[in-house]
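Descriptive structure summary
Listed below, chain by chain, are the residues.
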Amino acid sequence: MITRPRGTSDILPGEVERWQYVEGEIRSLCRLFNFREIRTPVFEHTELFLRGVGEGTDIVEKEMYTFVDKGGRSLTLRPEGTASVVRAYLEHKLYAEGGAAKFYYLAPMFRYERPQAGRLRQHHQFGVEIFGAPSATADAEVISLAMALLQRLGLAGLSVHLNSIGCPACRPAYRQELQDYFRPHLAALCPDCQRRFERNPLRLLDCKEEECRRVREHAPQILQRLCPECREHFESLQDQLKQLGIPFRLDPWVVRGLDYYTRTVFEVLGADLGAQSTVCAGGRYDGLIESMGGPPVPGVGFGLGLERLLLLLEKGGHLHLTPPGPLVFVAAADAAGSRAALALTQQLRRAGLTCELDLTGRSLKSQLKQADRLRAAWAVLLGERELAEGVATVRDMETGSEERLPLGELAGQLSTKLKGRNRKDDAGITY
Ligand code: ATP
Ligand code: MG
């Protein structure tokens, strides 16, 4: 038997409804915030991620699914969303419209990682990007969108961990200071950090290894070393978050793994997910678009992991889904009924009624059993006798009572009954 590749998952009926619920909330919030959806290819030229994500990052160094196609091109399965959105923005000259451009995506991402709960080789992200907006208001807007989503889903208790990592004016001096601090401790650090030390020393601050965390305790912090412009930006962001009533805490160890971040970086952590506790991570990347060959357009955004979000929702008992609407089961009593069943189903479906019929030629008795299993509201029985009289027998599956209705009136009458039922069902829904 062939099984699915390690680190991937099948989202089966029964679970997929949870995804649809979360995705529905995301889409409706994005509408409210006026972000427009963008869909980019699942694979891109490898070069895009080398430049857009940055060499020296975990993604580029260890995690990319890269392959050579039959034409000899090096392609890579998308490991994250921002680089592709920037590419599309430049390729289609969307910057020519001027002003801020606001995008969102819901898409699978691919990373070669050690699979565990909340860490997969194919995972899914909801992400947003705002291009062309330099002010801290844009940072506050993306953070408030993430928090609005979490609140809508019932995760109001999560707080934002916020930091600024400066800009090309103030970061190099800090970087140097950081290397000077860590140099005497190099031997005690994990192999990853030893590697990061030269290329990406800021990453030493967010290592999850215990020893590295101990060493960093007294490391210099960047907030005291920001240039006046970065400081002003960061203060303005904090002001706006306070105005919005969004709780946050300053966390000097949030630095993000991607090279292109400037100024604001943030993460939203959920409890109980261990090393996989970051649900949402984002920040500002003012240099990225220009470094990819575009005009000097600033950007800010986040990526939010849907698997981790769903884990949190499940753990917190926050998934109260609307039960599916009532179903009509069209059952055939004999061969004549069987021949007419699909056409009757079509008529009912055209009237907006959710219908099922027997596709396996089972006896009437087992058809009714199946209707019961599917929790059908009604079974519509059709046989030679009914057809000759132009009627169908409608059985209320809850009470067992039956009535005969003219075939021409069936759709209308069931729709009317359904409206009464819907009101009854709605009353008990908690979400
Ligand atoms: P981590 O430190 O957990 O590896 P990351 O810094 O690699 O996270 P990002 O690149 O910022 O993560 O991705 C944004 C979000 O996507 C993460 O906060 C997380 O929720 C989710 N995510 C990232 N990698 C995975 C994965 N392999 N499996 C499931 N979700 C993931
Ligand atoms: Mg990672």
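Residues numbered from 1 in each chain as written. Chains lettered and ligands numbered in written order. Predicted model: local features only at pLDDT ≥ 70, side-chain atom pairs only at ≥ 80, totals over all residues. Heavy atoms only, no water.

1. Quick look at the overall build of the chain
Threshold: Strands here mean DSSP runs of E at least two residues long; helices mean DSSP runs of H or I at least four residues long; both are numbered from the N terminus. Our radius of gyration is a C-alpha quantity, and the globule rule it is checked against amounts to 2.2 Å times the number of residues to the power 0.38. Accessible area is worked out with a 1.4 Å probe on protein chains only. A residue is then buried under 20% of its type maximum, exposed over 50%, and partly exposed in between. Should any heavy atoms of two residues lie within 4.5 Å, those residues are counted as being in contact. For accessible areas, the Shrake-Rupley method is used with a probe of radius 1.4 Å. Any residue's cover is judged against the shown protein chains and nothing else. Think of it this way: Lys and Arg go in the positive column, Asp and Glu in the negative one, and His and the chain ends go nowhere. In this description, the location of a charge corresponds to atom NZ of lysine, CZ of arginine, CG of aspartate or CD of glutamate.
When helices and strands are tallied, the chain shows 15 helices and 16 strands. In summary, the chain has a C-alpha radius of gyration of 28 Å against a globular reference of 22 Å for 431 residues, an excess of more than 25%. Its C-alpha atoms give the chain principal-axis dimensions of about 90 × 55 × 45 Å. Residue burial in the chain is summarised as follows: out of 431 residues, 51% are buried. Look at the contacts in the chain between residues 6 or more apart in sequence, and 68% of them connect residues 24 or more apart. Of the accessible surface of the chain, which amounts to about 21,500 Å², a share of 51% is contributed by carbon and sulfur atoms. Within the chain, the 55 negative side-chain charges are centred at a point lying 2 Å from the centre of the 56 positive side-chain charges.

2. Considerations on the sheet that holds strand 16 (residues 402-406)
Stated formally: At least two bridges found by DSSP between two strands is the condition for calling them paired. Orientation is described by axes fitted as lines to C-alpha atoms, over the contacting stretch for helices, and by angles from 0 to 180 degrees between their N-to-C directions.
Read across the sheet, 5 strands follow the order 13-12-14-15-16 without closing on themselves; strand pairing throughout is mixed. Either end of the sheet is taken by a strand with one partner, and the two such strands are strand 13 (355-357) and strand 16. Strand-to-strand twist of the sheet, defined as the mean angle between neighbouring strand axes without regard to direction, takes the value 30 degrees. In terms of strand pairing, strand 15 (residues 391-396) meets strand 16 through 5 bridges, oriented antiparallel. By the bridge assignment for strand 16, R395 is matched with E402. In the packing of helix 12 (residues 335-350) onto the sheet, the strands contacted are strand 12 (328-332), strand 13 and strand 14 (378-382), and the crossing angle to strand 13 comes to about 170 degrees. Those strands touched by helix 13 (residues 364-373) are strand 12, strand 14 and strand 15, and its axis lies near 175 degrees from that of strand 12.

3. Some words on the side chain of R87
Just so we agree on the cut-off: Definition of a polar contact: a pair of N or O atoms within 3.5 Å, with one able to donate and the other able to accept a hydrogen when the atoms are protein atoms, and with sequence-neighbouring residues admitted only if both atoms are side-chain atoms.
For R87, the position within the fold is in helix 4 (residues 82-91). Among the polar contacts listed, one links the side chain of R87 to the side chain of E44, at a separation of 2.7 Å. In this view, R87 contacts T40, P41, E44 and L48; residues no more than four positions away in its chain are not counted.

4. Structural notes on the nonpolar core
Quick note on the threshold: By nonpolar core we mean a set of buried residues, namely Ala, Val, Leu, Ile, Met, Phe, Trp, Tyr and Cys, connected to one another through side-chain atoms within 4.5 Å.
Within the largest apolar cluster, 52 residues are counted, with the highest numbers of intra-cluster contacts made by Y89, F131, F182 and L205. Broken down by secondary-structure element, the contributors of at least two residues to this core are helix 2 (46-52), helix 3 (58-63), helix 4, strand 5 (101-110), helix 6 (171-182), helix 7 (191-199), helix 8 (210-216) and helix 10 (288-291). Residue contributions to this core peak at 6 residues, all from helix 4. Ignoring sequence-local partners within four residues, the contact set of Y89 consists of L94, Y95, A101, F103, F131, I289 and V297. Judged by nonpolar contacts, the second largest core, of 46 residues, contains L29, M147, L241 and L306.

5. A look at the site of ligand 1
To keep things clear, this is the line we draw: Near, as used in this document, describes a residue that has one of its heavy atoms within 4 Å of the molecule or strand being considered. Amino acids are sorted into nonpolar (Ala, Val, Leu, Ile, Met, Phe, Trp, Tyr, Cys and Pro), charged (Asp, Glu, Lys and Arg) and polar (every other residue, Gly among them).
Around ligand 1 sit 15 residues in total, of which R111, E113, R119, L120 and R256 are the nearest. Contact distances for ligand 1 include 3.0 Å between an oxygen atom and a backbone N or O atom of T278. Compared with its free state, where it exposes 590 Å², ligand 1 has 89% of that area covered by protein. Of all the secondary-structure elements, those providing two or more residues to the shell around ligand 1 are strand 6 (122-131), strand 10 (278-284) and strand 11 (299-305). The biggest single contributor to the shell around ligand 1 is strand 10, with 3 residues. In terms of residue class, the shell around ligand 1 is made up of 3 nonpolar, 6 polar and 6 charged.

6. Side note on the sheet that holds strand 3 (residues 66-68)
Here 3 strands make up an open sheet; going across it, the order is 2-4-3 and the pairing antiparallel. Of all the strands in the sheet, the pair left with one neighbour each is strand 2 (43-45) and strand 3. Going from strand to strand, the sheet's axes swing by 35 degrees on average, the running direction of each strand aside. As defined by bridge partners, strand 3 adjoins strand 4 (residues 74-77) across 3 bridges and the pair is classed as antiparallel. The residue of strand 4 that forms the bridge with V68 is S74.

7. Brief notes about the environment of L359
Tracing the chain through its elements places L359 in the loop between strand 13 and helix 13. Along the chain, L359 and E211 lie 148 residues apart, while their C-alpha atoms are 62 Å from each other.

8. Digging into helix 5 (residues 136-152)
Structurally, the α-helix is built with 3.6 residues per turn, so residues lying three or four positions apart point the same way. Inclusion rule: Helix span, expected: 1.5 Å multiplied by one less than the number of residues in the helix.
Taking 1.5 Å per residue, 17 residues should reach 24 Å; helix 5 reaches 24 Å between its end C-alpha atoms and fits that length. The buried fraction of helix 5 is high, at 12 of 17 residues. Taken residue by residue, helix 5 has A136, A138, D139, A140, V142, I143, S144, L145, A146, M147, L149 and L150 as its buried positions. One or two steps after helix 5, the chain reaches G154, where phi turns positive at roughly 100 degrees.

9. Description of the pattern of salt bridges
Note the cut-off: Counted as salt bridges are all cases of a side-chain nitrogen of Lys or Arg within 4 Å of a carboxyl oxygen of Asp or Glu.
For the coordinates displayed, the defined rule picks out 28 salt bridges. Between R225 and E177 there is a salt bridge whose closest N-O contact spans 2.7 Å. Pair noted here: R225 is in the loop between helix 8 and helix 9 (228-244) and E177 is in helix 6, with a separation of 48 residues, a long-range link. Accessibility expressed as a relative area gives 30% for R225, which makes it partly exposed. In this structure, the salt-bridge partner of R183 is D180, at a minimum N-O distance of 3.1 Å. Given a relative accessible area of 41%, R183 falls into the partly exposed group. Judged by relative accessible area, which is 40%, D180 ranks as partly exposed. What you see here is one network of salt bridges that share partners, running through D58, E61, K62, D192, R195, R196, R199, R203 and D206.

10. Quick look at the confidence of the model for the chain
Heads up, the rule is: Known as pLDDT, the predictor's per-residue confidence is scaled from 0 to 100.
Summary statistics for the chain give a mean pLDDT of 93 and a share of 96% for residues scoring 70 or more. Of the regions scoring below 50 in pLDDT, residues 424-431 engages in 7 contacts with residues more than four places distant in sequence or in other chains.

11. Focus: the domain arrangement of the chain
Heads up, the condition is: Residue ranges for the domains trace back to a domain assignment, done automatically or taken from a database.
When its domains are assigned, the chain resolves into domain 1 (16-170 + 226-316) and domain 2 (327-419). The gap between the C-alpha centroids of domain 1 and domain 2 is 50 Å.

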